[in-house]
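If you want the building blocks of each chain, they are given just below.
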There are 2 protein chains.
Amino acid sequence: MDGTQDKLSVGAVTPSVARFDEPLKLRSGATLGGYELVYETYGTLNAGKSNAVLVCHALNAAHHVAGYYADDPDNVGWWDNMIGPGKPLDTTRFFVIGVNNLGGCFGSTGPRSVNPATGRVWGADFPVVTVEDWVASQARLADQLGIQRFAAVMGGSLGAMQALSWTIQYPERIGHALVIACAPNLSAQNIAFNEVARQAIITDPDFHAGHYYEHNTQPTRGLRVARMVGHITYLSDDEMASKFGRQLRNGKLNYTFDVEFEIESYLRHQGNKFSDYFDANTYLRITKALDYFDPAAEHGGNLSLALEPATASFLVISFTTDWRFSPERSREIIKALLDNRRDVTYAEIDAPHGHDAFLLDDARYHRLVAAYFDRISKDLGA
Amino acid sequence: MDGTQDKLSVGAVTPSVARFDEPLKLRSGATLGGYELVYETYGTLNAGKSNAVLVCHALNAAHHVAGYYADDPDNVGWWDNMIGPGKPLDTTRFFVIGVNNLGGCFGSTGPRSVNPATGRVWGADFPVVTVEDWVASQARLADQLGIQRFAAVMGGSLGAMQALSWTIQYPERIGHALVIACAPNLSAQNIAFNEVARQAIITDPDFHAGHYYEHNTQPTRGLRVARMVGHITYLSDDEMASKFGRQLRNGKLNYTFDVEFEIESYLRHQGNKFSDYFDANTYLRITKALDYFDPAAEHGGNLSLALEPATASFLVISFTTDWRFSPERSREIIKALLDNRRDVTYAEIDAPHGHDAFLLDDARYHRLVAAYFDRISKDLGA
């Protein structure tokens, strides 16, 4: 019993599709004509439309944030432990929206979609999209749903970058930002890991310069390696040590290039699984969006200036063993917010799980988020 | 001026080849028939043959440790800043030996050699070799050179593992072990990075199950990715931040998959360079030797028991920002040595350079090694 069994799921959910015909000018300079976004909602939008919470996804996730599909009950949303009736983000009080970002591979317009200009699949020609572009497209979705202002925008990792960007791009449209396991930009080391992943994909002969759909193939080998290297950065060294250590797969060494250690088996499994369901062109674009995110850049590197427009209240959470986006990086955000005298709550959660901790059911972490949403709920008079 | 310009090089050097006809039984159970080792020596072996120092190489290096080649003066040995007249390992006092390990790709018998049993290049059929096998083959080289006992065996990283293994396998044949930037075994995270590198190589279509020589090709793509991921682990996060940070290659973002950030350019360059001169089958075997090294394993994980036979004196050095083999890992060795009441000097050098620090010309580090060799020299009555 971890204390969650008595909480309820949002139950069977159904994705919706929103169509946007007005072209979207992207940060790259390119313009995307019409596009579609797939999204899910949980809970009920109140009469004042004031209880909406947008949940932004990170690298490999999508709009299926909570609940399950009636025809696929094992397909549970990626943040189901966080969102549902009685859960930290309580769907009996809030109206929660999950959306697959532009360029994604789970239904929203992306590299696998047909380019209306050519009648062919976009593939490599799908433009590079940024965190800012995603936020702009999410704002249009809010318009379509009649939501003028979000009670909160929330995310972990790359999802948290979107929450942060919301406070800068649309300060009047966001009451609270929940910025979890985040950094104000990628370090050289972070970019380096992304670049290894990209090179593994791009140099896979099955990549065909990004037009692999036309060849009825995909760069599975590259995507596997990309996911393996990613996975190393999601777990802490300690967590790997306690979960796998030097445990042998078959009890003894075989002196071959087959799996010897459990950690090798785990990584290969993760790589295989990922390459079965994820799209390489999407992966490339998401890592680029991570690389590019740097709100301070257009303010001479001054994050305090970048966050000056923000009026939201903030909950910022980091995890002690997260070496991908370490607590030090979250503290840069805190400093910039305090420079602007913003309302900030900050916690460093002592958790062994590394970057992935934001997805896990840690009691202290979840209590904190629950308490924060209680406060938002009270402010709304809900 | 960093204080080294007044020190001399060992000058132009020439490699030698030693031939061994007695079969070598390997840890894997396989037996290697005759084999050759390429080696270099610097300085003069004294009459008592007591001043020999063996320098063991790490992942991508070889027997060319110091000096240069008359016909290729830019090809300077990989530890030339450490070894030479007046340098920390002073070749006016010591006779220094560098050897390319078995399975290597710089002249010693390895995957690119011809298998006498078949008349074909070994390729994938070359056996898996371990640190213990290397040490055994190095002992035979010592025999051939008439060296009964090394004044010292020295190495960094994987080279240090060989020095450590010398103290266990041939305690009577080694006076001092210099164990630099080492760990008593790889962590799960270390193995994970090696496995990513191996999978990048093995799944490259040009790998041809290790028989790529016969196809007149090599898995260049895989080797590039392997080297890129390795490089990330050799540098510290801080060093990457100060060397590259988020510096753009062309002064502005281009929103393409070409190089945007300097760190990407650096990694691609390192990957390309490496794949031009290194052999993939050798790389696979060296990463395996790293994975397998674990002297405590056959003592129920008790490193103190494993080091019980060792009688050498030890200089152990770690570097504060080395996250591949952190100071904590060196302290495990220290604890085990102290449990055995061995003579140990230990230093943690405050250096920003990460794991690669052992190769760099850090004044405090070099002074320490120089002082230690002074002591060895005095003990020898030299």
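See the structure printed just above.
This report concerns the structure included in the present document. (Residues numbered from 1 in each chain as written. Chains lettered and ligands numbered in written order. Predicted model: local features only at pLDDT ≥ 70, side-chain atom pairs only at ≥ 80, totals over all residues. Heavy atoms only, no water.)

1. Comments concerning the overall build of chain A
A count of helical and extended segments in chain A gives ten helices and 14 strands. Its C-alpha radius of gyration of 21 Å places chain A within 12% of the 21 Å reference for a compact globule of 382 residues. Expressed as lengths along the three principal axes of its C-alpha atoms, the size of chain A is roughly 65 × 55 × 50 Å. A buried classification covers 62% of the 382 residues belonging to chain A. A separation threshold of at least 6 residues defines the contact pool for chain A, and within that pool the share at least 24 residues apart is 72%. Positive and negative charge centroids in chain A, built from 34 and 45 side chains respectively, lie 2 Å apart. (Helix = DSSP H or I, 4+ residues; strand = E, 2+ residues; numbered from the N terminus. Rg over C-alpha atoms; globule rule 2.2 N^0.38 Å. Buried < 20%, exposed > 50% of the residue type's maximum accessible area, 1.4 Å probe, protein only. Contact = heavy atoms within 4.5 Å. Lys, Arg positive; Asp, Glu negative; His and termini not counted. Charge placed at Lys NZ, Arg CZ, Asp CG, Glu CD.)

2. Regarding unusual backbone geometry
All names here are of chain A. The phi dihedral of Ala181 falls on the positive side, at around 50°, and the residue is not glycine. Relative to the elements of secondary structure, Ala181 occurs in the loop between strand E12 (174-180) and helix H3 (188-202). By relative accessible area, Ala181 is classed as buried at 0%. Positive phi, normally seen in glycine, also occurs at Tyr255, with a value near 55°. Within the secondary structure, Tyr255 sits in the loop between helix H5 (237-243) and helix H6 (262-277). For Tyr255, a relative accessible area of 18% gives the class buried.

3. Comments concerning the packing of helix H1 (residues 131-144) of chain B against helix H2 (residues 158-169) of chain B
Residues and elements named next belong to chain B. Running from N to C, H1 and H2 point in directions that differ by 70°, and their axes come no closer than 9 Å. It follows from the interaxial angle that H1 and H2 lie roughly perpendicular. The way H1 lies across H2 gives a crossing that is right-handed. Side by side, H1 and H2 meet where Val131, Glu132, Trp134, Val135, Ala136, Gln138 and Ala139 of the first sit next to Leu158, Met161, Gln162, Ser165, Trp166 and Gln169 of the second. Classifying every residue of the contact of H1 with H2 by side-chain character gives eight nonpolar, four polar and one charged. (Axes fitted to C-alpha atoms, helices over the stretch in contact; angles between N-to-C directions. Parallel < 35°, antiparallel > 145°, perpendicular 65-115°, else oblique. Left-handed = near helix turned anticlockwise from the far one by under 90°. Nonpolar A, V, L, I, M, F, W, Y, C, P; charged D, E, K, R; others polar.)

4. Quick notes on the sheet that holds strand E8 (residues 95-99) of chain A
All names here are of chain A. The eight strands are arranged E1-E4-E8-E5-E11-E12-E13-E14 in an open sheet whose pairing can be described as mixed. Strands at the two margins of the open sheet, each flanked by one partner only, are strand E1 (16-20) and strand E14 (344-349). Put simply, the sheet's adjacent strands are angled 20° from each other on average, direction ignored. The sheet contact formed by strand E4 (residues 35-42) and E8 spans four bridges and is antiparallel. Bridge pairing in E8 links Thr41 to Ile97. Across the sheet, helix H9 (residues 327-339) is in contact with E12, strand E13 (313-319) and E14; its angle to E14 comes to roughly 170°. (Pairing = 2+ DSSP bridges.)

5. Concerning the relation of the copies chain A and chain B
By a simple turn and slide, chain A fits onto chain B: the slide is 0.0 Å along the axis, the RMSD is 0.0 Å, and the turn is 180°. On this basis, the relationship between the two copies can be described by a two-fold rotation axis. Taken together, the interface assignments show that 100% of the residues at the interface of chain A recur at the interface of chain B, consistent with an identical surface on both copies. (Least-squares fit on C-alpha atoms with pLDDT ≥ 70 in both.)

6. Some remarks on the interface of chain A and chain B
Across the boundary between the two partners, chain A contributes 51 residues, which contact 51 residues of chain B. Surface buried jointly by chain A and chain B totals about 4500 Å² across both partners, of which 68% is contributed by carbon and sulfur atoms. It is A:Arg246, A:Tyr255 and A:Phe257 in chain A that bury the most area against chain B; as a group they hold 19% of the surface buried on that side. At the boundary of chain A with chain B, the tally comes to eight salt bridges. In this structure, B:Arg268 and A:Glu195 form a salt bridge, with 2.5 Å as the shortest nitrogen-oxygen distance. Summed over the shared surface of chain A and chain B, the result is 20 residue pairs in polar contact (both at pLDDT 80 or more). For the side of chain A that touches chain B, the secondary-structure elements that each account for two or more residues are H3, helix H4 (220-234), H5, H6 and helix H7 (280-292) of chain A. A per-element tally of the side of chain A that touches chain B places H3(A) first, with eleven residues. In the side of chain A that touches chain B, the residues fall into 27 nonpolar, nine polar and 15 charged. (Buried area = accessible area lost by both parts, 1.4 Å probe. Salt bridge = Lys/Arg side-chain N within 4 Å of Asp/Glu carboxyl O. Polar contact = N/O pair within 3.5 Å; in protein donor to acceptor, adjacent residues only side chain to side chain.)

7. Quick notes on the side chain of B:Thr282
Residue and element names in this part refer to chain B. Within the secondary structure, Thr282 is located in helix H7 (residues 280-292). For Thr282, a relative accessible area of 1% translates into the label buried. Aside from chain neighbours lying at most four places away, what touches Thr282 is Gly103, Gly104, Cys105 and Pro111.

8. A few points about the environment of B:Phe274
All names here are of chain B. Mapped onto the secondary structure, Phe274 falls in helix H6 (residues 262-277). Sequence separation of Phe274 and Ala160 is 114 residues, and the distance between their C-alpha atoms is 22 Å. What Phe274 contacts, discounting residues up to four positions off in sequence, is Asn60, Leu223, Arg227 and Tyr283.

9. Here we look at empty space enclosed by the protein
Picture a little ball the size of a water molecule; that probe, rolled over the atoms, points out where space is still empty. In the structure shown here, the tally under the stated rule is three cavities of 30 Å³ or more. Roughly 120 Å³ of internal volume is contained in the largest cavity. Lining the largest cavity are 14 residues, and of these A:Ala200, A:Asp204, B:Ala200, B:Thr203 and B:Asp204 lie nearest its centre. When grouped by side-chain class, the residues that make up the lining of the largest cavity number six nonpolar, four polar and four charged. (1 Å grid on protein atoms, 1.4 Å probe; cavity = no way out; pocket = protein on both sides within 12 Å on 5 of 7 lines; lining within 4 Å. Points joined across faces, edges and corners; volume = space filled by probe spheres on them.)

10. Quick look at the environment of A:Gly67
Residues and elements named next belong to chain A. Looking at the element boundaries, Gly67 is found in the loop between strand E5 (52-56) and strand E6 (83-84). For the pair Gly67 and Ala192, spaced 125 residues apart in the sequence, the C-alpha separation amounts to 35 Å. In contact with Gly67, other than residues within four places in its own chain, are Ser9, Val10, Gly11, Val13, Asn75, Val76, Gly77 and Asp80.

11. Concerning the pairing of E5(A)
All names here are of chain A. Most of E5 sits out of view: five of its five residues are buried. Here E5 pairs with E8 via four bridges, running parallel. The partner of Val53 across the bridge, within E8, is Val96. Bridge count between E5 and strand E11 (residues 150-156): four bridges; the pairing is parallel. By the bridge assignment for E11, Val55 is matched with Met154.

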